[in-house]
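# Analysis of the macromolecular model
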Amino acid sequence: QQQVKQSPQSLIVQKGGISIINCAYENTAFDYFPWYQQFPGKGPALLIAIRPDVSEKKEGRFTISFNKSAKQFSLHIMDSQPGDSATYFCAASMSKTSYDKVIFGPGTSLSVIP
Amino acid sequence: GAVVSQHPSRVICKSGTSVKIECRSLDFQATTMFWYRQFPKQSLMLMATSNEGSKATYEQGVEKDKFLINHASLTLSTLTVTSAHPEDSSFYICSAGGLNSYEQYFGPGTRLTVT
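Being a predicted model, the structure only gives us computed values, none of them experimental.

## Comments concerning the sheet that holds strand β3 (residues 19-25) of chain B
Residue and element names in this part refer to chain B. If you trace the four strands from one edge of the open sheet to the other, you get β1-β3-β8-β7, paired in antiparallel fashion. Across the chains shown, the open sheet's two edge strands, defined by having one partner strand only, are β1 (4-7) and β7 (67-73). When strand polarity is set aside, the average angle formed by the axes of neighbouring strands in this sheet is 15°. With six bridges connecting them, β3 and strand β8 (residues 76-81) associate as antiparallel partners. Its bridge partner being in β8, Arg24 is matched across the sheet by Leu76.

Structure representation (structure tokens):
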């Protein structure tokens, strides 16, 4: 119930291409879905987040698509750049405040090759 | 804004000793702080949730007597790894939640190596 699934485990994309990472959850009580980007040896940084009352959110080259009925959401990185190479984690939490814990997916290692 | 710091960034200690890691919210007050552990090429695993002025809530399987957490103020939480062993070597990350936000802000992490 608490698990967040994520695929693929690793992804190699050519520069300029589209990177797509998919996530799924079971618990319908989740109401906040952030994506985090993590570089080696660093803490995760919030990239973009969405709530289930919207189906899509775009910030620059990053877009989250959300399918509430399927309990799935995905991250699209347009015009992928070598600097985007990092590990990406989708996540979910159950509260409208920061008091509740964030459940992380297993992560996707993205490599963008020139 | 919303900066969280951790100190130290790296620490090496001998087996059997204790190590304290600090997590500070620099520009906001954090009612709740979270401590995670991350092994190489793995996801973040929540260890415990700490609320200012009260006892921490530990996740199942995390030894509360080994990982002591103190959240004495709205800007500081500490994690003490007691009687450290080589298997405690890991990347420890804290996060903090603001008073008026559902966002969590993560620290840069602390690399602990126990020899």
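## Brief notes about the environment of Ser50 of chain B
Residues and elements named next belong to chain B. Position of Ser50 relative to the elements: it lies in strand β5 (residues 44-51). When its relative accessible area of 1% is taken as the criterion, Ser50 is described as buried. With sequence-adjacent residues up to four places away left out, Ser50 is seen in contact with Thr31, Thr32, Met33, Ala56, Ile69, His71 and Ser77. In this structure the side chain of Ser50 is engaged in a polar contact, spanning 3.0 Å, whose partner is the side chain of His71.

## Quick word on the sheet that holds strand β6 (residues 56-59) of chain A
By definition, the strands of a sheet pair up through backbone hydrogen bonds, in either a parallel or an antiparallel sense. Residues and elements named next belong to chain A. Read across the sheet, five strands follow the order β1-β3-β8-β7-β6 without closing on themselves; strand pairing throughout is antiparallel. What marks the edges here is a single partner per strand, and that holds for β1 (4-7) and β6. Each adjacent strand pair in this sheet contributes to an overall mean axis angle of 15°, direction not counted. Both strand β7 (residues 62-67) and strand β8 (residues 72-77) contribute to a ladder of six bridges, which runs antiparallel. If you follow Ile64 over to β8, its bridge partner there is Leu75.

## Regarding the pairing of β8 of chain A
Regular strands place side chains that alternate from one sheet face to the opposite one. Residues and elements named next belong to chain A. Where strand β3 (residues 19-25) meets β8, six bridges bridge the pair, whose relative direction is antiparallel. Looking at β8, one finds that Asn22 is bridged to Ser74. Counting the residues between successive antiparallel strands, the hairpin from β7 to β8 contains four residues, one of them, Lys71, with a positive phi of roughly 55°.

## Concerning a nonpolar patch on the surface
A cluster of nonpolar residues, Ile18, Ile20 and Met78 of chain A, forms a patch on the protein surface that exposes about 240 Å² of accessible area. One can find Met78 of chain A in the loop between β8 and β9 (86-92).

## Some words on the interface of chain A and chain B
Counting residues at the interface gives 20 residues for chain A and 22 residues for chain B. At the junction of chain A and chain B, the tally comes to one salt bridge. One salt bridge in this structure joins Lys101 of chain A and Glu59 of chain B, with 3.1 Å as the shortest N-O distance. Within the side of chain A that touches chain B, the residues separate by chemical class into nine nonpolar, six polar and five charged.

## Section: the side chain of Gln38 of chain B
Within the element layout of this structure, Gln38 of chain B appears in strand β4 (residues 30-38). For Gln38 of chain B, a relative accessible area of 9% gives the class buried. Discounting residues that sit within four places of it in the chain, Gln38 of chain B has contacts with Gln38 and Phe89 of chain A together with Ser43, Leu44, Ser90, Phe91 and Ile93 of chain B.

## Some words on the packing of aromatic side chains
What the rule picks out here adds up to 17 aromatic pairs over all chains. Here Trp35 of chain A and Phe73 of chain A contribute two aromatic rings whose centre-to-centre distance is 5.7 Å and whose plane-to-plane angle is 70°, an arrangement assigned as edge-to-face. Of this pair, Trp35 of chain A sits in strand β4 (residues 33-38) while Phe73 of chain A sits in strand β8, placing them 38 residues apart in sequence. Both residues of the pair, Trp35 of chain A and Phe73 of chain A, belong to the buried class. A centroid spacing of 5.8 Å and a plane angle of 80° characterise the contact between Phe104 of chain A and Phe106 of chain B, whose relative ring orientation is edge-to-face. Note that Phe104 of chain A is positioned in strand β10 (residues 103-104) and Phe106 of chain B in strand β10 (residues 104-106), a pairing that runs across two chains.

Cut-off values and rules
- Residues take numbers from 1 onward in each chain, read along the sequence in its written order.
- All chains are assigned letters beginning with A, and all ligands numbers beginning with 1, in the order in which they are written.
- Thresholds applied to this predicted model are a pLDDT of at least 70 for local features of residues and 80 or more for the giving and counting of side-chain atom pairs; totals over whole chains, interfaces and linings are not thresholded and use all residues.
- Hydrogens and water molecules were not included; the side-chain quantities draw on all heavy atoms of the structure.
- Pairing between strands is defined by DSSP: at least two bridges between the two strands are required.
- In DSSP terms, a helix is any run of H or I states spanning at least four residues, a strand is any run of E spanning at least two, and both are numbered starting from the N terminus.
- The axes used here are C-alpha line fits, helices contributing only the stretch in contact, and every angle between their N-to-C directions lies in the interval 0 to 180 degrees.
- Think of it in three bands: with a 1.4 Å probe and only protein chains considered, a residue is buried below 20% of the maximum accessible area for its type, exposed above 50%, and partly exposed in between.
- The contact rule is simple, with two residues in contact once any of their heavy atoms fall within 4.5 Å.
- Here a polar contact is recorded for every N or O atom pair within 3.5 Å, except that within protein the pair must consist of a potential hydrogen donor and a potential acceptor, and residues adjacent in sequence are included only if both atoms are side-chain atoms.
- The patches described consist of residues with a relative accessible area above 30% and no salt bridge, like charges being joined within 9 Å and nonpolar side chains (Val, Leu, Ile, Met, Phe, Trp, Tyr) within 5 Å.
- Working definition of accessibility: Shrake-Rupley area with a 1.4 Å probe, residue cover restricted to the visible protein chains.
- A pair is scored as a salt bridge if a Lys or Arg side-chain nitrogen falls within 4 Å of a carboxyl oxygen belonging to Asp or Glu.
- Each residue receives one of three labels: charged for Asp, Glu, Lys and Arg, nonpolar for Ala, Val, Leu, Ile, Met, Phe, Trp, Tyr, Cys and Pro, and polar for the others, Gly being one of them.
- In this scheme Phe, Tyr and Trp rings, the latter by its six-membered ring, pair at centre separations within 6.5 Å, and the angle between planes marks the pair as stacked below 30 degrees, edge-to-face above 60, and tilted otherwise.

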